[in-house]
Amino acid sequence: MDIDGAVRCIREDGYAVVPDFLTPDTLDRLRRGLRPVFDDIGSRMDKEHGQQTVHTHNLLDKTRAVDEVLVDDRLLALIEAVLGPDFQVSGVAAMRPGPGDRRQRMHQDDGHYPIPRPHPPLIVNTLIALDPFTRENGATEVVPGSHRSVDRVDQDTPTVSVEMPAGALLLWEGALWHRGGGNSTADEYRRSINVNFNLAWLKQRENQFIGVPPEVVVEMPEKLQALIGYKLTNFGLGTVDYRNPIETVKRRLAETTGASTAAS
Ligand SMILES: O=C(O)CCC(=O)C(=O)O
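So, here's what we can say about the structure. In this text the structure is predicted, and so the values were computed from the model without any measurement. (Residues numbered from 1 in each chain as written. Predicted model: local features only at pLDDT ≥ 70, side-chain atom pairs only at ≥ 80, totals over all residues.)

### Description of the sheet that holds strand S6 (residues 141–142)
Rules: A pair of strands counts as paired when DSSP detects no fewer than two bridges linking them. For the purposes of this entry, the term helix denotes a DSSP run of H or I that reaches at least four residues, the term strand denotes a run of E that reaches at least two, and both are numbered from the N terminus.
Spatial strand order, S7-S6-S9: 3 strands in an open sheet with antiparallel pairing. Strand pairing shows two members of the sheet lacking a second neighbour, strand S7 (160–161) and strand S9 (178–179), which therefore form its edges. Alignment of S6 against S9, held across 2 bridges, turns out to be antiparallel. The partner of Glu141 across the bridge, within S9, is Arg179.

Right, dumping it as structure tokens:
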């Protein structure tokens, strides 16, 4: 995998595609593992945006199928090359625009953070394609280079549709203007896993400490625990009694389990 080339594209254009990110076996495993999640995804009508996909958020509470891609060393090396060593998972979701779903409004993912622009990268967002992304089925639309602009981008600014094969990885910098495309096909669903990373000293988009239950967290490999926030950041941010919060989670769980065993 050409990590340097991908990082250069993210810096210059705001986004990059790694076409052969998943092996056919991994792609197949992810599709099978996520079938129950995708089967549940639908669309909803809303007055302002019309018919749009309902994304499934807080995915780490709903399935273990995506753990293996989150801790993939190649993915983490790419994120580290843009954000530096101190980053975390900010949110994990499953997305599946279906027939008739309209495109999203153009937006930037780092709009949560009221920091004057331009600023260094705060977020790298990713989509792992479980189906081919085509202009027709809702491929992500980007405005190349817009991550360097301090001005807002109009909704009718020309975009590039990021078409890519199943198994590819799309990465973009949080300041890039983009949107999920509309799906004009009669019967194609565009499945993807969305993993959003941000700097570890920023608040996560989705609260992983509450979202992922303690009994699930303690069973995760340390690398994944650290990725979702159970680590010490910038000399001690996020500690409990100056220690890694995972220790508190484990102790409380042991106390609860001990208490319920004693009572029974
Ligand atoms: O589905 C996509 O292509 C992008 C999704 C996105 O940008 C979002 O939901 O905020």
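So much for the structure itself; the text now carries on.
### Re the site of the ligand
The cut-off we apply is this: In this text, near has one meaning. A residue is near a molecule or strand if its C-beta atom, placed using the backbone, is within 6 Å of it. All residues other than Ala, Val, Leu, Ile, Met, Phe, Trp, Tyr, Cys, Pro, Asp, Glu, Lys and Arg, Gly among them, are scored as polar; the first ten of these are nonpolar and the last four charged.
Around the ligand, a shell composed of Met95, Gln104, Leu127, Thr140, His178 and Gly180 is seen. A per-class count over the shell around the ligand returns 2 nonpolar, 4 polar and no charged.

### Side note on the pairing of strand S3 (residues 50–53)
Within a regular beta strand, the side chains point alternately toward one face of the sheet and then the other, so they alternate between its two faces. Sheet topology places strand S2 (residues 43–46) next to S3; 4 bridges connect them, and they run antiparallel. Following the sheet pairing, Arg44 is matched in S3 by Gln52.

### Looking at the packing of helix H1 (residues 3–13) against helix H5 (residues 73–83)
Applicable threshold: In this analysis, axes come from line fits to C-alpha atoms, helices being fitted only over the stretch in contact, and the angle between any two N-to-C directions falls in the range 0 to 180 degrees. Each angle is binned into one of four classes, with values under 35 degrees roughly parallel, values over 145 roughly antiparallel, values of 65 to 115 roughly perpendicular, and all other values oblique. Handedness of a crossing is defined here by the sense of rotation of the near helix relative to the far one, left-handed for an anticlockwise turn of less than a right angle and right-handed for a clockwise turn. Placing a C-beta atom from the backbone of each residue, one calls two residues in contact when those atoms lie within 7 Å.
Between H1 and H5, the least distance of the axes is 10 Å, while the angle of their chain directions is 45°. On the basis of their axis angle, the class for H1 and H5 is oblique. The two elements H1 and H5 meet at a crossing, and its hand is right-handed. Two secondary-structure elements touch here, H1 through Ile3, Ala6, Val7 and Ile10 and H5 through Ala77, Leu78, Ala81 and Val82. Looking at the contact of H1 with H5, its residues break down into 8 nonpolar, no polar and no charged.

### Details of the sheet that holds strand S5 (residues 123–129)
Read from one edge of the open sheet, 5 strands run S1-S8-S5-S10-S4, paired in antiparallel fashion. The open sheet has two edge strands, strand S1 (15–18) and strand S4 (87–95), and neither has a second partner. With direction set aside, neighbouring strand axes in the sheet form an average angle of 15°. Where S4 and strand S10 (residues 192–199) come together, 8 bridges link them in antiparallel fashion. Bridged to Ala94 within S10 is Ile193. Sheet strands touched by H1: S1 and strand S8 (169–173). Its angle to S1, the strand with the most contacts, is close to 155°.

### Describing unusual backbone geometry
Note: most peptide bonds trans; most residues except glycine with negative phi. Cis peptide bonds are those with omega within 30 degrees of zero, and the linkage from Arg117 to Pro118 qualifies with -5°. Mapping Pro118 onto the fold places it in the loop between S4 and S5. In this structure, Phe235 takes a positive phi of about 60° despite not being glycine. Its identity is not glycine, yet Tyr242 carries a phi of approximately 65°, on the positive side. Mapped onto the elements, Tyr242 comes out in the loop between helix H8 (222–227) and helix H9 (245–263).

### Let's talk about the pairing of S5
Basically, it comes down to this: With C-beta atoms placed from the backbone, a residue is labelled by how many other C-beta atoms lie within 10 Å of its own: buried for 20 or more, exposed for 12 or fewer, partly exposed between the two.
Among the 7 residues of S5, 7 are classified as buried, and the element is accordingly described as predominantly covered. Of the two faces of S5, the one holding Ile123, Asn125, Leu127 and Ala129 and the one holding Val124, Thr126 and Ile128 are both buried throughout. Looking at chain direction, S5 and S10 are connected through 7 bridges and run antiparallel. Residue pairing for S10: Ile123 is matched across the bridge by Asn198. Relative to S8, S5 is paired through 5 bridges, and the arrangement is antiparallel. Residue pairing across strands places Asn125 opposite Trp172, the latter belonging to S8.

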